[in-house]
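So the chains spell out like this:
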Amino acid sequence: MSSGTTVRTVRRRTLRVAAAALIAAAGLTLTACSGSDTADSKPAASAGSSSADSSTGGKGSDAKVDTKAGAADKAASSVRTETLVDGSTAKIYKLGDLHYRLKIVNDGDVLATFEANGRDAGLDANGMYVVLTAGGEVQSWMGGEHQGPGTFKLAGGWTAKVTKVGEAQYRAEIIGHGDVMGTMEANGHDAGLDANGVYIVLSAGGVISAHQ
C-alpha cells in the first residue's frame, strides 16, 4: 500500500476513500478485495490545493493519496468512462494485467482515485458504494447499509458477520450455506469485493453494504 498524503478540496462534497485486503477462505472462489490506497479526498470548500492535511467528515476512512498517480496516468490507457449512480463519471484506466485505476470526476474535478491491482477495490464515498474489480468492472449503488458490529443479511443470499477489531478496523466474515466463505478486512481503509456477482463494500467505520 502506498501512503501519499496529498489532500485536495472541491466545492461538491467530501469523499473519503480507502481499501483493504480480502482473505479468501476455502470452499468458494471469491474475488479478492484490495484497492490501492490512491485517492483524492476533497472536503467541501474552495478550489483544490496540495496541502498535506487530513479531511474531515464523511463515512469513509481518511484518504491516502498516491502523488505519483498523475505520472502513471500518462503511461496508462483510458479504457472507458461510465456514469456512476450519483451522476458523477468514472474514468477507468488499464495500468496492466489485472491492474486498473478508477477516477471519479464531477464537473471536471477529480473527486477520488483508487486502484484494483490483482484484487478488487472498494469505496464508501459518503453513501455511494463503488467496487472496482481486478478485471476492470465497475459497480456503484446507494443504500442497503448496515452499521456493524452485528450479523446482517446481504444481497444474493449472503450473510455478513461484522466485528470490530480495533480503532477504524473491522472484519466481515462472508457466510453462505452456514459456512464462512471469505473474510473482508477494513483496517483504516475501506474494502471491496466481487463475491460471485454480489458486490460488497466494508468501510473502515464498520458500514457494510451489498448490491446484486
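Source: prediction; values computed, not measured.

1. Concerning the pattern of salt bridges
Piece 1. What the rule picks out here adds up to three salt bridges.
Piece 2. One salt bridge connects E82 with R80, and the closest N-O pair in it is separated by 2.7 Å.
Piece 3. For the salt bridge of R101 with E115, the shortest nitrogen-to-oxygen distance reads 2.2 Å. A residue pair is termed long-range when its members are at least 10 positions apart, and R101 in strand β4 (residues 99-106) and E115 in strand β5 (residues 109-117) qualify at 14 residues.

2. Some details on the pairing of strand β14 (residues 191-195)
Piece 1. The element β14 is largely enclosed, with a buried count of five among its five residues.
Piece 2. The sheet contact formed by β14 and strand β15 (residues 198-202) spans five bridges and is antiparallel. What sits directly across from A191, in β15, is L202.
Piece 3. In this antiparallel pair of consecutive strands, β14 and β15, the connection spans two residues, and N196 shows a positive phi of 55 degrees.

3. Side note on the sheet that holds strand β6 (residues 121-125)
Piece 1. Sheet architecture is open: three strands sit in the order β6-β7-β8, paired in antiparallel fashion. Lying at the two open borders of the sheet, with one neighbouring strand each, are β6 and β8 (138-142). Between one strand axis and the next, the sheet turns by 15 degrees as a mean value, whatever way the strands run.
Piece 2. Two elements, β6 and strand β7 (residues 128-132), share five bridges in a ladder whose sense is antiparallel. Looking across to β7, one finds that G122 is bridged to V131.

4. Considering the environment of A134
Piece 1. Here A134 is to be found in the loop between β7 and β8.
Piece 2. Distance in space between the C-alpha atoms of A134 and N117 is 6.1 Å, their sequence separation being 17 residues.

5. Description of the sheet that holds strand β9 (residues 146-147)
Piece 1. One open sheet accounts for four strands, arranged β9-β16-β15-β14; its pairing is antiparallel. Edge positions in the sheet fall to β9 and β14, since each has one partner strand and no second.
Piece 2. Pairing analysis gives two bridges linking β9 to strand β16 (residues 207-211), with the strands arranged antiparallel. Of the residues in β16, the one forming a bridge with Q147 is V207.

6. Thoughts on the environment of S78
Piece 1. In this structure, S78 sits in strand β2 (residues 77-83).
Piece 2. The exposure class assigned to S78 is partly exposed, which follows from its relative accessible area of 45%.
Piece 3. Put simply, S78 and Y100 are 22 residues apart on the chain and 9.8 Å apart in space, counted from C-alpha to C-alpha.
Piece 4. Among residues more than four places away in sequence, those in contact with S78 are I92 and Y93.

What counts, and at which threshold
- Residues numbered from 1 in each chain as written.
- Predicted model: local features only at pLDDT ≥ 70, side-chain atom pairs only at ≥ 80, totals over all residues.
- Heavy atoms only, no water.
- Salt bridge = Lys/Arg side-chain N within 4 Å of Asp/Glu carboxyl O.
- Helix = DSSP H or I, 4+ residues; strand = E, 2+ residues; numbered from the N terminus.
- Buried < 20%, exposed > 50% of the residue type's maximum accessible area, 1.4 Å probe, protein only.
- Pairing = 2+ DSSP bridges.
- Axes fitted to C-alpha atoms, helices over the stretch in contact; angles between N-to-C directions.
- Contact = heavy atoms within 4.5 Å.

By themselves, these observations are geometric and do not establish any function.
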